[in-house]
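What the coordinates show
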Amino acid sequence: MNGQFQLTDDQLAIREVAQRFTADNITPHAAEWDEKHIFPRDTIQRSAELGFGAIYVSEESGGIGLGRLEAALIMEAMAYGCPSTSAFISIHNMAAWMIDRFGGEPVKAKYLPQLITMEHIASYCLTEPSSGSDASALRTTARRDGDHFVLNGTKQFISGAGANEIYVVMVRTGEDGPKGISCVVIEKDMPGVSFGANEKKLGWHSQPTAQLILEDVRVPVENLVGGEGEGFRIAMMGLDGGRLNIGACSLGGAQRCLDEAINYTKERKQFGQAVAEFQNTQFMLADMATDLEAARALLYLAAAKVTDNAPDKTRFSAMAKRLATDNGSAVVDRALQLFGGYGYLQDYPIERFWRDLRVHSILEGTNQIMRMVVGRDLLRQ
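In this report, we go over the structure that sits alongside the text. Remember, it's a predicted structure, so these values are computed and weren't measured experimentally.

1. Quick look at unusual backbone geometry
Positive phi is not limited to glycine here, since Met-118 has a value of about 60°. Take Met-118: it is sitting in the loop between α6 (105-116) and β1 (122-125). Look at Phe-271: it is not a glycine, yet its phi comes out positive at around 55°. Relative accessible area serves as the criterion here: at 80%, Phe-271 is assigned to the exposed category.

So, in structure tokens, the structure goes:
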């Protein structure tokens, strides 16, 4: 950003490219993807032609090396068409970044080229059936056996499970708690890897979600990302960016619903005049726009802090994620109200965004956990 809170020319150009891609490739098809539970792999891979498969993978490794604000602009633009698809691309980027940032040369050379082009797509695997918010209590084990780890355990709610080729997995290699957690890369076709049934979800219908099941999976030690015992720290650093992106997805979805509500209330007539002419409607729209802009300003600030590795980056990332996802869902809910009964129908896009955005206050750390992160950081000052 430059000047007084203005996006740079390069940032505006990046956003415009993402908006054009969305208008041409995502928005026209998103309703069908949702209704028929279609995983739009071809469209997702097409985004890699613009560099969106390696947004903050370094240029030295073949990525486009953008900052977290630029990534948020891309995610926000794509979520205007489909938050589910945008979030899926975000998760892939988080996993690819972890390999690039913390992986050794062998694991980077083995996996990054096909992740950058999205010939292969990656999943991020932290959550387990018995450890959601208490992520450091994970039980998936990785026992050292010569030049391999032997993995056993189950990961829960994994976006892309069964469809993606690569899984960046947090495992326990040592003591209880966060210091005993390491990060490894596994492949879909490794013996002992299997997947649960596709979950039946409220929203996010354009992407598969299932368990990742590991039974005596032998993984080369060179697939370690970072050192042994560094996995939890790496996972949390990944989430600093992931939280920004999921907040940006809420901003994009909410902006779409605000725009739809403005247009609808201008056209819909009741009591002899357009619904938009009623002061109550104008007040609702004003509050929706204000809440959206406030969340956007905080998220862009937090993104700049994460890019700059500011000491308070984690606190601001948590604050921005909490505000953007709460405000985004509230904006969509009010948009549905302005549509009345029609907002409840699948003939209009509002109900899809209402369903897709609801999960944003749960994943990447629940919004209750975000408050804990912020509160604890404030008390450490």
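2. Here we look at the state of the cysteines
Throughout the structure, instances matching the rule amount to zero disulfides. In this structure Cys-125 is not part of a disulfide, and its nearest cysteine sulfur, from Cys-183, lies 9.3 Å away.

3. Observations concerning the environment of Thr-307
Along the chain, the position of Thr-307 falls in helix α8 (residues 279-307). Among the residues examined, Thr-307 registers a relative accessible area of 43% and is labelled partly exposed. Separated by 270 residues in sequence, Thr-307 and His-37 have C-alpha atoms that sit 35 Å apart. Once you skip the residues sitting within four places of it in the chain, Thr-307 turns out to touch Gly-67, Arg-68 and Leu-69. A distance of 2.7 Å separates a polar atom in the side chain of Thr-307 from the backbone nitrogen of Arg-68.

4. Notes on the environment of Lys-188
Here Lys-188 lies in the loop between β5 (181-187) and β6 (193-195). Taking the relative accessible area as the measure of exposure, Lys-188 reaches 28% and is therefore partly exposed. Setting aside anything within four residues of it in sequence, one finds Lys-188 in contact with Gly-162, Ala-163, Asn-164, Glu-165, Tyr-167, Val-193 and Phe-195.

5. Description of helix α11 (residues 367-379)
Taking 1.5 Å per residue, 13 residues should reach 18 Å; α11 reaches 19 Å between its end C-alpha atoms and fits that length. Within α11 the residues assigned to the buried category are Asn-367, Ile-369, Met-370, Val-374 and Asp-377. Take α11 and look down its axis: the buried residues cluster within an arc of 155°, on one side only. In α11, the exposed positions that point more than 90 degrees away from the buried face belong to Gln-368, Arg-376 and Leu-379. Buried-residue contacts for α11 involve α7 (231-267) and α9 (313-339).

6. Considerations on the pattern of salt bridges
Applying the stated rule across the entire model yields 21 salt bridges. A salt bridge links Arg-334 to Asp-291, with the shortest nitrogen-to-oxygen separation between them at 2.9 Å. Of the two residues, Arg-334 is situated in helix α9 and Asp-291 in helix α8; the sequence distance between them amounts to 43 residues. For Arg-380, the salt bridge goes to Asp-377, with nearest N and O atoms at 3.5 Å. Exposure remark for Arg-380: the relative accessible area of 62% places this residue in the exposed category. Note on Asp-377: relative accessible area 16%, which makes it buried. When salt bridges that share partners are traced, they join Asp-34, Glu-351 and Arg-355 into one network.

Thresholds, definitions, all that
Residues numbered from 1 in each chain as written. Predicted model: local features only at pLDDT ≥ 70, side-chain atom pairs only at ≥ 80, totals over all residues. Heavy atoms only, no water. Helix = DSSP H or I, 4+ residues; strand = E, 2+ residues; numbered from the N terminus. Buried < 20%, exposed > 50% of the residue type's maximum accessible area, 1.4 Å probe, protein only. Disulfide = S-S within 2.5 Å. Contact = heavy atoms within 4.5 Å. Polar contact = N/O pair within 3.5 Å; in protein donor to acceptor, adjacent residues only side chain to side chain. Expected span 1.5 Å × (residues − 1). Arc of directions from axis to C-beta. Salt bridge = Lys/Arg side-chain N within 4 Å of Asp/Glu carboxyl O.

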